[in-house]
Amino acid sequence: MSGDANALLDEIAHIGVDRQRGGYTRLVFSPPELELREWFARRAGERGLRAETDGNGILWAWWDIVGAERRDVVVTGSHLDSVPGGGNFDGPLGVASALAAVDLLRDRGVRPVRPLAVAVFPEEEGSRFGVACLGTRLLAGLVDPERVRELRDESGRSFAEVATDAGIDPALIGPDPARLQSIAAFVELHVEQGRGLIDLGQPVAVAGAIIAHGRWHVRIDGRGDHAGATRMVDRQDPVVVAAETIRALRAHALVVDEARGTVGRIKVTPGGTNVIAASVDLWLDVRHRDETAVRRIVSEVVAATERSADAEGCTVAVTEQSFSPTVAFDAALRERMREVLPAAPVLDTGAGHDAGVLAAAIPTGMLFVRNPTGASHTPAEVAAPEDVAAGAIALADVLESLITR
Ligand code: HGY
Ligand code: MN
Ligand code: MN
């Protein structure tokens with residue numbers, strides 16, 4: 001087998017290309033992501049890994065050990081779904097590197113004493129149903145399965161309907177404590193979403209922490225009307241209130257050192273150039289190392305929005321969609337990884353990951369691979385072939401250390 005993560009990434013480079021936005025759009029359980037799931041099952045099968053899809057739609061490819069029970073297993077992997085117009089590395093790099101690492105371990109003649117699994121977690125980006133790391137939150141019991149079944153995508157289709165079409169029984173989604181307890185360690189490799197490794201001149205880093213991050217849905221209702229026939233003084237325009245929300249988020253995130261505040265998605269209804277909107281939906285993404293700072297920024301923004309809504313004769317509803325506290329990765333596992341990779345610096349990240357969600361339940365760690373642009377969630381996201389190769393070797397080194405003792 002190849003041990004070549006670059007070749008594996010090249011194989012999927014044509015899947016989910018978004019010609020309108022640029023980059024890739026591979027929403028969970030959409031045709032491109034389903035095609036990627038099939039690609040993964042095929043490549044795992046070729047490696048003699050036993051494929052399994054669990055009740056949450058998580059794919060597991062097992063390197064079983066004859067006679068060994070499935071406990072104290074080591075898991076690696078990542079996600080295949082993307083943001084709209086994302087890069088080809090965010091998620092797939094971790095999956096391709098995991099398959100390549102299995103090849104490298106086989107080439108080295110490594111004889112595991114505990115099972116190894118490569119996992120693919122659905123809806124890490126939350127781009128279709130709004131909740132980030134949905135698969136791992138379900139697995140860890142961090143989200144209500146009933147709420148998940150009712151989540152709806154842009155077209156109004158529920159998670160239950162879409163999952164059913166993907167061959168997953170929505171009645172079976174939910175926590176899987178036995179599976180979690182069987183996992184001794186989870187290590188996720190991911191393209192770096194930032195410039196740390198560029199500035200440090202290193203190809204691979206070990207993750208230290210993930211800053212807290214949350215998402216809120218803001219719904220503003222006004223009164224739709226004619227853009228020409230309605231006097232300015234007679235308007236209840238929700239877009240005016242949304243503008244204040246966006247201004248307030250920028251202002252409050254700017255004055256808190258290292259905070260991040262983003263509105264990247266806004267939906268004006270009905271959306272006509274000559275139509276005063278009836279309603280606006282927008283989503284806040286707020287992050288900071290200190291989760292109280294996140295919540296403080298959000299409460300300031302909500303207060304400013306409510307003031308503007310009162311003045312404009314509109315109404316506002318704010319709903320928290322998902323929240324992840326600051327995660328410090330497992331210290332013992334991180335130190336073990338640093339022993340294996342002494343040249344790798346320790347880097348924190350502002351990006352959320354499945355490993356960050358699972359950290360609440362099992363020892364997890366991450367490896368980051370240098371991204372020369374530092375950009376992510378954009379077609380500009382990239383990793384040089386030599387760094388991709390270095391990442392797969394680093395992952396194989398870490399996995400070898402974990403599965404042979
Ligand atoms: O949004 C994030 O931080 C991650 O890329 N899902
Ligand atoms: Mn991402
Ligand atoms: Mn990711």
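Report follows, based on the coordinates. (Residues numbered from 1 in each chain as written. Chains lettered and ligands numbered in written order. Predicted model: local features only at pLDDT ≥ 70, side-chain atom pairs only at ≥ 80, totals over all residues. Heavy atoms only, no water.)

## Points about the pattern of salt bridges
Working step 1: One pass over the structure, following the stated rule, counts 30 salt bridges.
Working step 2: Note that Glu52 is salt-bridged to Arg179, the shortest N-O span being 2.6 Å. Of this pair, Glu52 sits in strand β1 (residues 50-53) while Arg179 sits in helix α7 (residues 177-181), and the two are 127 residues apart along the sequence.
Working step 3: Two residues, Arg370 and Asp387, come together in a salt bridge whose shortest N-O distance is 2.7 Å. Placement of Arg370 in the loop between β15 (364-369) and α13 (385-403) and of Asp387 in helix α13 is noted, with a sequence separation of 17 residues between them.
Working step 4: Classification of Asp387 by relative accessible area gives buried; the value is 5%. (Salt bridge = Lys/Arg side-chain N within 4 Å of Asp/Glu carboxyl O. Helix = DSSP H or I, 4+ residues; strand = E, 2+ residues; numbered from the N terminus. Buried < 20%, exposed > 50% of the residue type's maximum accessible area, 1.4 Å probe, protein only.)

## Here we look at the coordination of the manganese ion (ligand 2)
Working step 1: In the first shell of the manganese ion (ligand 2), the protein supplies Asp90 (OD), Glu125 (OE), Glu125 (OE) and His377 (NE2), at 2.0 to 2.8 Å from the metal.
Working step 2: On the primary sequence, the residues serving as donors to the manganese ion (ligand 2) are separated as D-x34-E-x251-H.
Working step 3: Between the two metals, the manganese ion (ligand 2) and the manganese ion (ligand 3), the spacing is 3.5 Å, and Asp90 donates to both. A residue pair is termed long-range when its members are at least 10 positions apart, and Glu125 in the loop between β4 (116-120) and α4 (134-139) and His377 in the loop between β15 and α13 qualify at 252 residues.
Working step 4: Note on His377: relative accessible area 38%, which makes it partly exposed. (Donors = N, O, S within 2.8 Å, 3.2 Å for Na, K, Ca; no water.)

## A closer look at the coordination of the manganese ion (ligand 3)
Working step 1: The manganese ion (ligand 3) binds to the protein through His79 (NE2), Asp90 (OD) and His190 (NE2); the donor distances cover 2.1 to 2.2 Å.
Working step 2: Every donor residue of the manganese ion (ligand 3) comes from the same chain, spaced as H-x10-D-x99-H.

## Focus: a nonpolar patch on the surface
Working step 1: On the surface, Val239, Ile246, Ile266 and Val268 cluster together into a nonpolar patch covering about 280 Å² of accessible area.
Working step 2: The set of elements that each furnish at least two residues to the nonpolar patch consists of α9 (238-254) and β9 (260-269).
Working step 3: In this structure, Val268 sits in strand β9.
Working step 4: The exposure class assigned to Val268 is partly exposed, which follows from its relative accessible area of 35%. (Patch = residues over 30% accessible without salt bridge, like charges linked within 9 Å, V, L, I, M, F, W, Y side chains within 5 Å. Areas by Shrake-Rupley, 256 points an atom, 1.4 Å probe, with all protein chains shown as cover.)

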